[in-house]
2 protein chains.
Amino acid sequence: MKKADRAAVLDVPALSTEGDDAMARRLAALAHPARLRILRRLACADACCCKDVVATTGLAQSTVSQHLKVLVEAGFVAYEPDAQRSRYSLDRRALAMVRQDVDLLLAGCSAGSTCS
Amino acid sequence: MKKADRAAVLDVPALSTEGDDAMARRLAALAHPARLRILRRLACADACCCKDVVATTGLAQSTVSQHLKVLVEAGFVAYEPDAQRSRYSLDRRALAMVRQDVDLLLAGCSAGSTCS
DNA sequence: TTTCTTCATCGTTCATCGGCGATAAACGAT
DNA sequence: ATCGTTTATCGCCGATGAACGATGAAGAAA
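Below you will find a few notes about this structure. (Residues numbered from 1 in each chain as written. Chains lettered and ligands numbered in written order. Predicted model: local features only at pLDDT ≥ 70, side-chain atom pairs only at ≥ 80, totals over all residues. Heavy atoms only, no water.)

## Regarding the protein's contact with DNA strand C
To keep it simple, the criterion reads: What makes a residue near a molecule or strand is one non-hydrogen atom of that residue sitting within 4 Å of it. Side-chain atoms alone can form a polar contact between residues adjacent in sequence; in general such a contact is a pair of N or O atoms within 3.5 Å, and within protein one must be able to donate a hydrogen while the other accepts it. Each helix corresponds to a stretch of at least 4 residues labelled H or I by DSSP, and each strand to a stretch of at least 2 residues labelled E; elements are numbered beginning at the N terminus. For this classification, Asp, Glu, Lys and Arg are treated as charged, while Ala, Val, Leu, Ile, Met, Phe, Trp, Tyr, Cys and Pro are nonpolar and the rest, including Gly, are polar.
In the region of DNA strand C, 21 residues are neighbours, and His67(A), Cys49(B), Lys51(B), Ser86(B) and Tyr88(B) sit closest. Protein-adjacent atoms of DNA strand C, using a 4 Å cutoff, are sugar or phosphate at a proportion of 73%. Between DNA strand C and the protein, one listed contact pairs a phosphate oxygen with a side-chain N or O atom of His32(A) at 3.4 Å. The separation between a phosphate oxygen of DNA strand C and a polar side-chain atom of Ser65(B) is 2.9 Å. Contributing elements (two or more residues each) for the surface near DNA strand C: α5 (61-74) of chain A together with α4 (50-57), α5 (61-74) and β2 (85-90) of chain B. Looking at the surface near DNA strand C residue by residue, the class counts come to seven nonpolar, ten polar and four charged.

Below, the structure written as structure tokens:
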């Protein structure tokens, strides 16, 4: 099969669902043990600064800052600069939405689902 | 902070949860739009061969084979060779377990959760 | 046997991730 | 003004991921 033909097939809406990219991005943001730990750490307080998270993860500060950035960009964590500190706080609403993501996936994979 | 000190911190059970690695691996297996498409494609029939999936994804056969391998290794898809074909089938039970993963994560991030 | 189909695997290329140290900026404290 | 703290970002590196084409094996079909 040539690439052009594959592209043609790709354009068929079929199961595209279109939201797959967004869901995949959200899942990827969660698909790292350090980030899961960080999320739970953030759940302990209204807000944490980067240093607090560093202390609980055992990772370098720069590494933690990167993970936090990933979580912020995925929407799971809110960021607000506070003097020389940074206030990171968990967005439980956004986090709860991944449950809907999974539910939607499960629905799309339910026994009665069709490919149309 | 020196690396040895960070390692010491890391050994503190704290929020380790230990299952984070496994959950992260499962989520990583789902964190790709092509694999989400493939899962839904597999949901349409009792079993699909690789070729069928290729037709719906627009990707090269070798690429699809790789994605299927990832899904099989993550446990979401069952594999059984069938003559020159391969029978891939969705494991809905395994897929449903990610819902529990998410629920557990949400519980660990609930408002009342403590860092101990 | 020979041919065709289907598939997994290999090797390659390119991009991204994950981790680190170093550095500079911002700010409070002295 | 200077020092210490906290943070984000940069550059670097090794490892992994994603995609492809090519190849060979296994089996159906001719």
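Continuing now.
## Describing the packing of helix α2 (residues 20-30) of chain B against helix α6 (residues 92-108) of chain B
Residue and element names in this part refer to chain B. Rules: A fitted line through C-alpha atoms represents every axis, and for helices the fit uses only the stretch in contact; the resulting angles, taken between N-to-C directions, go from 0 to 180 degrees. When describing relative orientation, an angle under 35 degrees is termed roughly parallel and one over 145 degrees roughly antiparallel, while 65 to 115 degrees is termed roughly perpendicular and anything else oblique. Here a crossing is called left-handed whenever its near helix is offset anticlockwise from the far helix by less than a right angle, and right-handed whenever the offset is clockwise. For this analysis, residues touch if any pair of their heavy atoms sits within 4.5 Å.
Where α2 contacts α6, the axes come no closer than 11 Å and their chain directions differ by 125 degrees. Judged by the angle between their axes, α2 and α6 are oblique. Regarding α2 and α6, the two cross each other, and that crossing is left-handed. Here Met23, Arg26 and Leu30 of α2 come into contact with α6, specifically with Leu95, Val98, Asp101, Val102 and Leu105.

## Here's the deal with the environment of Leu106(B)
Applied cut-off: We call a residue buried when its accessible area falls under 20% of the maximum for its residue type, exposed when it is over 50%, and partly exposed in between, using a 1.4 Å probe and counting protein chains only.
Of note, Leu106(B) is situated in helix α6. Judged by relative accessible area, Leu106(B) falls into the buried class, the value being 14%. Discounting chain neighbours no more than four positions away, the residues touching Leu106(B) are Leu95(A), Ala96(A) and Arg99(A).

## Side note on helix α3 (residues 33-43) of chain A
Of all eleven residues that make up α3(A), ten are buried, and the element is covered over most of its length. Within the span of α3(A), buried status applies to Ala34(A), Arg35(A), Leu36(A), Arg37(A), Ile38(A), Leu39(A), Arg40(A), Arg41(A), Leu42(A) and Ala43(A).

## Brief notes about the protein's contact with DNA strand D
Every one of the 22 residues lining DNA strand D counts as a neighbour, but Cys49(A), Cys50(A), Lys51(A), Tyr88(A) and His67(B) are closest to it. Taking the atoms of DNA strand D that fall within 4 Å of the protein, sugar and phosphate contribute 72% of them. In the model, a phosphate oxygen of DNA strand D is placed 3.4 Å from a nitrogen or oxygen of the Arg35(B) side chain. Listing elements by their share of the surface near DNA strand D, those giving two or more residues are α4 (50-57), α5 and β2 (85-90) of chain A together with α5 of chain B. At four residues, the largest contribution of residues to the surface near DNA strand D is made by α5(A). Partitioned by chemical class, the residues of the surface near DNA strand D number seven nonpolar, ten polar and five charged.

## Quick word on the relation of the copies chain B and chain A
Both copies of the chain are tied together by a single rotation about an axis and a shift running along it. Going by this rule: The superposition of copies rests on a least-squares fit of C-alpha positions from residues with pLDDT of 70 or more in both.
The transformation that overlays chain B on chain A combines an axial shift of 0.0 Å with a rotation of 180 degrees, and the residual RMSD is 0.1 Å. The relationship between the two copies is best expressed as a two-fold rotation axis. Most of the interface of chain B is mirrored in chain A: 100% of its interface residues are interface residues there too.

## A few points about the packing of aromatic side chains
Residues and elements named next belong to chain A. Put simply, the rule is: Two aromatic rings, drawn from Phe, Tyr or Trp (for Trp, its six-membered ring), form a pair once their centres lie within 6.5 Å of each other, and the interplanar angle then sorts them: stacked below 30 degrees, edge-to-face above 60, tilted otherwise.
All told, the structure shown has two aromatic pairs over all chains when counted by the stated rule. Measuring from centroid to centroid gives 5.4 Å for tyrosine 79 and tyrosine 88, while their planes differ by 40 degrees, and the two rings are tilted. Residue tyrosine 88 is classed as buried on the basis of its relative accessible area of 9%.

So yeah, pure geometry; function would need other evidence.
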